[in-house]
Amino acid sequence: MRSRQRMFAAVMRLLLKCLRLGRRRRFKLVRQVEQLWYYGHLCLRSLLYNSFTNGDVVLDSLFEPVYWLVDHVTRWFGVVFVALVIGLTSSIVAIVYICLLPLILQTYTPAWICWHLAYGHWNLIMIVFHYYMAITTSPGHPPQAKNDLTGVSICRKCIAPKPARTHHCSICNRCVLKMDHHCPWLNNCVGHYNHRYFFSFCLFMTMGCIYCSISGWEMFRDAYTAIERMKLLEKERLQVAANQTYYQTPPPTFSFRQRAFHKSVVYLWVLCSSVALALGALTLWHAALITRGETSIERHINRKERQRLQKKGKVSAACSMGAGWGRATCDVPFPVLQVFRNPYSYGSWDNWKVFLGVDMPRHWLTRVLLPSPHLPHGTGLSWDLPPCVMEQRAPLLAI
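Quick notes on the rules
Residues numbered from 1 in each chain as written. Predicted model: local features only at pLDDT ≥ 70, side-chain atom pairs only at ≥ 80, totals over all residues. Heavy atoms only, no water. Helix = DSSP H or I, 4+ residues; strand = E, 2+ residues; numbered from the N terminus. Contact = heavy atoms within 4.5 Å. Areas by Shrake-Rupley, 256 points an atom, 1.4 Å probe, with all protein chains shown as cover. UniProt positions renumbered as here; feature names shortened; annotations may be inferred. Patch = residues over 30% accessible without salt bridge, like charges linked within 9 Å, V, L, I, M, F, W, Y side chains within 5 Å. Salt bridge = Lys/Arg side-chain N within 4 Å of Asp/Glu carboxyl O. Buried < 20%, exposed > 50% of the residue type's maximum accessible area, 1.4 Å probe, protein only. Axes fitted to C-alpha atoms, helices over the stretch in contact; angles between N-to-C directions. Parallel < 35°, antiparallel > 145°, perpendicular 65-115°, else oblique. Left-handed = near helix turned anticlockwise from the far one by under 90°. Polar contact = N/O pair within 3.5 Å; in protein donor to acceptor, adjacent residues only side chain to side chain. Core = buried A, V, L, I, M, F, W, Y, C linked by side-chain atoms within 4.5 Å. Phe/Tyr/Trp six-rings, centres within 6.5 Å; stacked < 30°, edge-to-face > 60°. Expected span 1.5 Å × (residues − 1). Disulfide = S-S within 2.5 Å.

Caption draft 1: Structural context of the overall build of the protein chain. Counting its secondary structure elements, the protein chain contains 11 helices and 6 strands. Nonlocal contacts in the protein chain, meaning residues at least 24 apart in sequence, comprise 67% of its contacts between residues at least 6 apart. Surface summary for the protein chain: the accessible area is close to 26100 Å², and the carbon and sulfur share equals 66%.

Written as structure tokens, this is what we have:
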């Protein structure tokens, strides 16, 4: 009897020990989960709690993987993009010479023939010249001799002095003078020495696409109607052939040459219209930046600086809205007369003259309307007053 009681007591003690261990393990697991939760919450708050954090910083952080992918993929796909541009442009030129030019010579009046030949070949020469120069011309880099270089900051990646308007390109892995952006369609950076070539290529390519879209509209309509008629007749021919023997099948209604001609015209018009819309929007965007004397990177920097100075009350919102567009001033008291203005802007008209390198009236013909390999003003290391700017602007608040 006593042995049974002892055995029962031992079993009960063992059960109690197991229950205690289970409770301890359960409480320990709960404590670990709570600690991990509090640790993650603290880390998240430490990352997000920042007086300088705003919507742009959050977007930049979210798009950081996209930036990394672009930096590493664009470096290898630049040659593919250049080959794609050359291939598409060559296909359009081939269609014009093989399909459209004989038709123009047969149906148009001599005046229209002269116009199409003159304008079309001039536009083609300007496109080829500026694209070749934009690809082969170096955008400009700071010199390797760092002792003779006056820098306004230090590049964190190159660990070298960085002149004004110079930025580091993560794809080229070098600092670029007056960097605007890295263009994969050029496989090159757009900077101080090839910015004019890049914009001129965009402008003349847009003009050429608009010219092809407008002049080929009637041909496109006729070709599209012919293709639809071909599809309808092909369907009827197959229905007739299904009710006949194999040696009584009628021949095809349209020849291969006719099909290729109509499809080539449709391809030309669709491609030119699409490129005109996309590239035209990009050209207008860069034209607005050139009018303000800014690059794509400087627009972002100037906007941030303008907002920062407005919060501090150093500039007025009314005056700073037109920064860089002209020489107008505001009728406000002297303490508020600080106007944020891009320091590299000389006014809308002078900005275009500086960008295009127009020093005298004849340069509008020799340097703008004709191919010209002239260099831009300055070396990209310092930004003195260009000779085409007649008067120096009054010093205003700027970065």
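Following the structure, the description resumes.
Caption draft 2: Examining the UniProt feature "transmembrane region" (unreviewed entry) in the protein chain more closely. In this structure's numbering, the residues bearing the UniProt feature "transmembrane region" (unreviewed entry) are residues 76-100, 112-133, 197-220 and 265-288. A helix fraction of 100% and a strand fraction of 0% characterise residues 112-133, whose end C-alpha atoms lie 31 Å from each other. The span residues 197-220 is 96% helical and 0% strand by assignment, and the distance between its end C-alpha atoms comes to 32 Å.

Caption draft 3: Local environment of a nonpolar patch on the surface. On the surface, a nonpolar cluster with roughly 670 Å² of combined accessible area is contributed by Trp-68, Leu-69, Val-73, Trp-76, Phe-77 and Val-80. Using a relative accessible area of 46% as the deciding quantity, one classes Leu-69 as partly exposed.

Caption draft 4: Structural context of the pattern of salt bridges. Evaluated as defined, the whole model comprises 3 salt bridges. Its salt-bridge partner being Arg-165, residue Glu-298 comes within 2.6 Å of it at the nearest N-O pair. Remark: Arg-165 occurs in the loop between β2 (160-162) and β3 (167-169) and Glu-298 occurs in helix α8 (residues 296-311); sequence separation between them is 133 residues. We classify Glu-298 as buried; its relative accessible area is 7%. A salt bridge links Arg-367 to Asp-359, with the nearest nitrogen and oxygen atoms 3.7 Å apart. Residue classification places Asp-359 among the partly exposed residues on the basis of a relative accessible area of 34%.

Caption draft 5: Looking closely at the packing of helix α4 (residues 110-136) against helix α5 (residues 195-215). Contact geometry of α4 with α5 gives a least axis separation of 8 Å together with a crossing angle of 150°. Put simply, α4 runs roughly antiparallel to α5. Where α4 crosses over α5, the two elements pack in a sense that is left-handed.

Caption draft 6: Structural view of the side chain of His-130. Topologically, His-130 is positioned in helix α4. Polar side-chain contacts of His-130 include one of 2.8 Å to the backbone oxygen of Met-126. Once residues lying within four places of it in the same chain are set aside, the contact partners of His-130 are Arg-196, Tyr-197, Ser-200, Phe-201 and Phe-204.

Caption draft 7: Just the nonpolar core, in detail. Counting 41 residues, the largest nonpolar core has Tyr-131, Leu-186, Phe-198, Phe-201, Met-205, Leu-268 and Cys-272 as the members making the most contacts within it. At the level of secondary structure, the elements contributing two or more residues to this core comprise α3 (64-107), α4, α5, α6 (217-242) and α7 (256-292). The greatest single-element share of this core, amounting to 9 residues, is contributed by α5. In this view, Met-205 contacts Thr-89, Ile-127, Val-275 and Leu-279; residues no more than four positions away in its chain are not counted.

Caption draft 8: The arrangement of the packing of aromatic side chains in detail. Under the definition given, this model contains 17 aromatic pairs. Taken together, a centroid distance of 4.9 Å and an interplanar angle of 35° make the contact between Phe-81 and Trp-185 tilted. Highlighted residues: Phe-81 in helix α3 and Trp-185 in the loop between β5 (181-183) and β6 (188-190), separated in sequence by 104 residues. On the accessibility criterion, Phe-81 (24% relative accessible area) is partly exposed.

Caption draft 9: Structural view of α5. Over its 21 residues, α5 extends 30 Å from the first C-alpha to the last, a length consistent with the 30 Å expected when each residue adds 1.5 Å. Burial runs high along α5: 16 of the 21 residues are buried.

Caption draft 10: How the structure looks around unusual backbone geometry. For Ile-159, which is not glycine, the phi dihedral falls at a positive 55°. For Ile-159, the location among the structural elements is in the loop between β1 (153-155) and β2. Unusually for a residue other than glycine, Asn-187 sits at a positive phi of about 55°. With respect to the secondary-structure elements, Asn-187 resides in the loop between β5 and β6.

Caption draft 11: Layout of the state of the cysteines. Applying the stated criterion across every chain, the model contains 0 disulfides. Sulfur of Cys-272: no disulfide; nearest cysteine sulfur belongs to Cys-212 and is 4.3 Å away.

Caption draft 12: Geometry of helix α10 (residues 348-356). Of all 9 residues that make up α10, 7 are buried, and the element is covered over most of its length. Where α10 is concerned, the buried positions are Asp-350, Asn-351, Trp-352, Lys-353, Val-354, Phe-355 and Leu-356. Looking at the buried residues of α10, the elements they touch are α5, α7 and α11 (363-369). Positioned one or two residues after α10, Gly-357 has a phi angle of 75°, which is positive.

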